[in-house]
Amino acid sequence: MHGPSVTGCDYPGAVREPVQRFRTGGAGLTQSQLAARACVHTETIASVEQGRRPLKPDLAALLDQVLLTKGALTTAVNNMPEIDRFPAWSEQYMDLEREAISMSFFANQVLPGLLQTENYARAVIRSRVPVFSEDEINTRMANRLERQEILHRKVPPTVSFILSEAIVLAQLGGLQIYRETLRHLRVCADLPGITFQVMPLARRTHAALDGPFILLETPEHQHLAYSETQRGSQLVSDPDEVSILAQKYAMLRTQALNTEDSKGLLDRLLGESNEDGT
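If you're wondering where the values come from, they're calculated on a predicted model, not measured in any experiment.

All right, on to the environment of A72 then. Its place among the elements puts A72 in helix α5 (residues 72–78). Remark: the alpha-carbon pair of A72 and F22, spanning 50 residues in sequence, is separated by 9.8 Å. Excluding residues within four positions of it along the chain, A72 makes contact with F22 and D64.

Quick look at the confidence of the model for the protein chain now. The pLDDT averaged across the protein chain works out to 85; a share of 87% of its residues lies at or above 70. Across residues 82–88, where pLDDT falls below 50, the model places 22 contacts with residues more than four positions away in sequence or in other chains.

Here the focus is the pattern of salt bridges. All chains considered together, the criterion is met by nine salt bridges. Residues D190 and R186 are paired through a salt bridge, measuring 2.9 Å at the closest nitrogen-oxygen approach. By relative accessible area, which is 46% here, D190 ends up partly exposed.

Attention now moves to helix α3 (residues 42–49). Counting buried positions along α3 gives six out of eight residues, so the element sits mostly inside the fold. Of the positions making up α3, those classed as buried are T44, I45, A46, S47, V48 and E49.

Turning next to helix α12 (residues 239–255). With 17 residues, α12 extends 24 Å between its outermost C-alpha atoms, agreeing within 8% with the 24 Å of an ideal straight helix rising 1.5 Å per residue. Restricting attention to buried positions, one finds in α12 the residues V242, L245, Y249, L252 and Q255. Buried residues of α12, viewed axially, fall in a sector of 135 degrees; they line one side. Turned more than 90 degrees off the buried face of α12, the exposed positions are P239, D240, Q247 and T254. Where α12 is buried, its residues meet β2 (102–107), β3 (158–164), β4 (194–199), β5 (213–217), β6 (223–229) and β7 (232–236).

This part is about the nonpolar core. Counting residues in each nonpolar core, the largest one holds 37 residues, and the members touching the most others are M103, F105, F161, L163, V168, F196 and L216. If you tally residues by element for this core, the top one is helix α11 (residues 175–188), at five residues. If sequence neighbours within four positions are ignored, L216 has contacts with Y93, L96, E97, A100, S102, M103, Q222, H223, L224 and Y226.

Working note: non-glycine residues mostly have negative phi, and peptide bonds are mostly trans. Looking along the chain, the bond that leaves V129 and enters P130 is cis, with omega of 0 degrees. Its identity is not glycine, yet C39 carries a phi of approximately 60 degrees, on the positive side. Residue C39 is classed as exposed on the basis of its relative accessible area, which comes to 70%. In this model, H221 sits at a positive phi of 65 degrees, which is unusual for a non-glycine residue. Tracing the backbone shows H221 in the loop between β5 and β6. Its relative accessible area of 53% is what places H221 among the exposed residues.

Procedures and definitions
Residues numbered from 1 in each chain as written. Predicted model: local features only at pLDDT ≥ 70, side-chain atom pairs only at ≥ 80, totals over all residues. Heavy atoms only, no water. Helix = DSSP H or I, 4+ residues; strand = E, 2+ residues; numbered from the N terminus. Contact = heavy atoms within 4.5 Å. pLDDT = per-residue confidence, 0-100. Salt bridge = Lys/Arg side-chain N within 4 Å of Asp/Glu carboxyl O. Buried < 20%, exposed > 50% of the residue type's maximum accessible area, 1.4 Å probe, protein only. Expected span 1.5 Å × (residues − 1). Arc of directions from axis to C-beta. Core = buried A, V, L, I, M, F, W, Y, C linked by side-chain atoms within 4.5 Å.

Right, dumping it as structure tokens:
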């Protein structure tokens, strides 16, 4: 039996669907028109209606006023089960990330935000479809880079990274950015508290074929897990479910290259990329 989890891509229809219904059926407004009247971003309305962001009490109260829904949305939010009221979209994950005393990352497609350079981050965000505006790209990039402060604290968290070799081979953004990224990874691999491992592409077994995930430990020693999909995210707090992912991660650590061999791979790739062009 699956324990409680919170899905950023599937917030309860009891809240998500009425927002769209009240907007279109009751008020006859577009998302942009509702956003303008509520003085919020159109993306905020879209994210709530698509289940990518929870409807928080303050926004529910504001929309009730704009849509003249007599407190219907506020009542729906207040009556949500506690497990569903806990927002799991990236905003909340970053709150947990800032406070975590230990984190373990498995990534197979793109570098975790904590390891991205400015140019790599820009290349990632520019790859998004549909595209962001230039202002949105700059804002997201700045927020992403600001998060990296946690790796350089006087007492940093204990952080483990296991990256698919596909990530360290992909020349996202071009050769110059690729070389810069490799150099940055090599520096990060030697930071205090960080363990860096690469999962070889040539492996015949793999403990995490279901995709990337993150394990976190809070200052209160609560163990959580987090993962993202194309259209949402999932925060897992149930101990049984977190334990399954922790077992996967433990197996990944035995399957990946050890830390010294992983650093050696970066050194070889740096040498090869410099030979290909300066």
